[in-house]
Amino acid sequence: MAAREIPIVGYESKLLSRVEVAEGTMAFHFEKPPGFKFKVGQFADVTLADPPETDGEGNTRTFSIASSPFENELVFTTRMRDTAFKRSLKKVPLATEVKISSAAGSFTLHKNHAKPAVFLAGRIGITPFLSIVRQAHHDRLPHKLYLFYSNRRPEDAPFLDALQNLEKTNPNFSLICTMTEMSKSKKEWKGETVPIDQEMLSRHLAILQGPIYYSAGPPAMVAGMKEMLVSAGIDEDDIRTEDFAGY
Ligand SMILES: Cc1cc2nc3c(=O)[nH]c(=O)nc-3n(C[C@H](O)[C@H](O)[C@H](O)COP(=O)(O)OP(=O)(O)OC[C@H]3O[C@@H](n4cnc5c(N)ncnc54)[C@H](O)[C@@H]3O)c2cc1C
């Protein structure tokens, strides 16, 4: 019996541009299909309909949407590991058609603005938070937002400049970046240099209990952040996580 073809469901879109946003990390900009709706922090599946190469992992990947709903484009950002899907995404011509699923996920900003939001991200885990903080600024949301962002070096940190600029223009947004391997960097760095831990949170937050905590990224990093928060006495109901399964 011939294998049944699985129909690709979702929206049609086109690749508009791609840009390196840190060493080994690229942002892919796509047309936002008419009718495509999403909330900050959500993700979607991107499918290459006819890629130049493929492998056993297939032609679809799930990515958090790094752009914000107010913007005209959909942006997905990924670490350029040497896999068939990513090699294809890097070399297909601009205007190549892709399928994008409906947005899904509940990793969105809480409504109660009396509670600050504390975001804990490492490298690629920044993607949902970029969407959240840019939309919050656009909507002039009153929430206090704290982003703890860990990378080995400034060269590895996607969207570092954009986030630093946002901090200058949004008094409700505090950015605490840490670079944990500055000995390997060619850049200057005056900020934090140790991994995110309870002591760092205590130095930057007025009170540890009270905010809603969010962590996204590779599962090992997210598990580590959650363990640190729980041992700091944070109520598990106040911790929200998004695992980038596949890393
Ligand atoms: C909600 C969510 C949001 C994500 N957001 C991003 C993002 O913004 N940027 C980014 O770079 N990556 C993101 N990822 C991870 C992304 O989907 C890929 O898995 C990752 O980029 C590795 O792809 P690869 O081609 O480099 O590796 P490969 O090893 O070739 O691909 C990994 C493949 O294995 C599958 N896979 C392996 N283990 C698991 C598992 N435990 N559970 C489910 N699937 C598995 C993946 O779906 C994928 O198809 C996200 C994943 C999820 C689930």
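Please refer to the structure higher up on the page.
Everything numeric here is computed off the predicted structure, so don't read it as measured data. (Residues numbered from 1 in each chain as written. Predicted model: local features only at pLDDT ≥ 70, side-chain atom pairs only at ≥ 80, totals over all residues. Heavy atoms only, no water.)

### Considering the overall build of the protein chain
And step 1. A tally of regular secondary structure across the protein chain gives 5 helices and 11 strands.
And step 2. Relative to the compact-globule value of 18 Å for 247 residues, the protein chain shows a C-alpha radius of gyration of 19 Å, a close match.
And step 3. In terms of its C-alpha atoms, the protein chain occupies a principal-axis envelope of roughly 60 × 40 × 40 Å.
And step 4. For the protein chain, with 247 residues in total, the buried portion stands at 48%.
And step 5. For the protein chain, the share of sequence-separated contacts (at least 6 apart) that also reach a separation of at least 24 residues comes to 72%.
And step 6. Accessible surface, the protein chain as shown: approximately 12500 Å² in total, 51% of it carbon and sulfur. (Helix = DSSP H or I, 4+ residues; strand = E, 2+ residues; numbered from the N terminus. Rg over C-alpha atoms; globule rule 2.2 N^0.38 Å. Buried < 20%, exposed > 50% of the residue type's maximum accessible area, 1.4 Å probe, protein only. Contact = heavy atoms within 4.5 Å. Areas by Shrake-Rupley, 256 points an atom, 1.4 Å probe, with all protein chains shown as cover.)

### Structural notes on the sheet that holds strand 7 (residues 117–122)
And step 1. The parallel open sheet is built from 5 strands, whose spatial order is 9-8-7-10-11. The open sheet has two edge strands with one neighbour each: strand 9 (173–179) and strand 11 (239–243). The mean inter-strand angle of the sheet, taken between neighbouring strand axes irrespective of direction, is 15°.
And step 2. Contacting strand 8 (145–151) and strand 9, helix 3 (residues 160–169) crosses the sheet at an angle of about 145° to strand 9.
And step 3. Lying on the sheet, helix 5 (residues 219–231) is in contact with strand 7, strand 10 (212–217) and strand 11; it crosses strand 11 at an angle near 170°. (Pairing = 2+ DSSP bridges. Axes fitted to C-alpha atoms, helices over the stretch in contact; angles between N-to-C directions.)

### Considerations on the pattern of salt bridges
And step 1. A full pass over the atoms with the stated rule returns 13 salt bridges.
And step 2. In this structure, Glu53 engages Arg87 in a salt bridge whose closest nitrogen and oxygen atoms are separated by 2.9 Å. One end of the pair, Glu53, is in the loop between strand 3 (43–48) and strand 4 (60–64); the other, Arg87, is in helix 1 (residues 84–91), and 34 residues separate them in sequence.
And step 3. Classification of Glu53 by relative accessible area gives partly exposed; the value is 22%.
And step 4. With relative accessibility at 32%, the residue Arg87 sits in the partly exposed group.
And step 5. Of the charged contacts, one joins Lys184 and Glu181 as a salt bridge, the two residues approaching to 2.9 Å between their closest N and O atoms.
And step 6. Exposure remark for Glu181: the relative accessible area of 26% places this residue in the partly exposed category.
And step 7. Shared partners join several salt bridges into a network, and the residues in it are Glu23, Arg152, Arg153 and Asp156. (Salt bridge = Lys/Arg side-chain N within 4 Å of Asp/Glu carboxyl O.)

### Describing the nonpolar core
And step 1. Counting residues in each nonpolar core, the largest one holds 33 residues, and the members touching the most others are Phe119, Phe129, Leu147, Tyr149 and Leu163.
And step 2. At the level of elements, strand 7, helix 2 (127–138), strand 8, helix 3, strand 9 and strand 10 are the ones that each hand at least two residues to this core.
And step 3. Among the elements that make up this core, the one with the highest residue count is helix 2 (5 residues).
And step 4. When residues no more than four places from it in sequence are discounted, the contact partners of Leu147 are Phe119, Ala121, Ile126, Phe129, Leu163, Phe173, Ser174, Leu175 and Ile176.
And step 5. Counting 19 residues, the second largest nonpolar core, distinct from the first, contains Phe30, Phe63, Phe85 and Leu89. (Core = buried A, V, L, I, M, F, W, Y, C linked by side-chain atoms within 4.5 Å.)

### With respect to the site of the ligand
And step 1. The environment of the ligand is formed by 21 residues, the closest being Thr62, Thr78, Thr83, Lys86 and Tyr247.
And step 2. One of the backbone N or O atoms of Thr62 is found 2.7 Å from an oxygen atom in the ligand.
And step 3. Within the contact set of the ligand, a nitrogen atom lies 2.9 Å away from a backbone nitrogen or oxygen of Thr77.
And step 4. Per element, the largest residue contribution to the shell around the ligand is 5 residues, and it comes from strand 4. (Near = heavy atom within 4 Å. Polar contact = N/O pair within 3.5 Å; in protein donor to acceptor, adjacent residues only side chain to side chain.)

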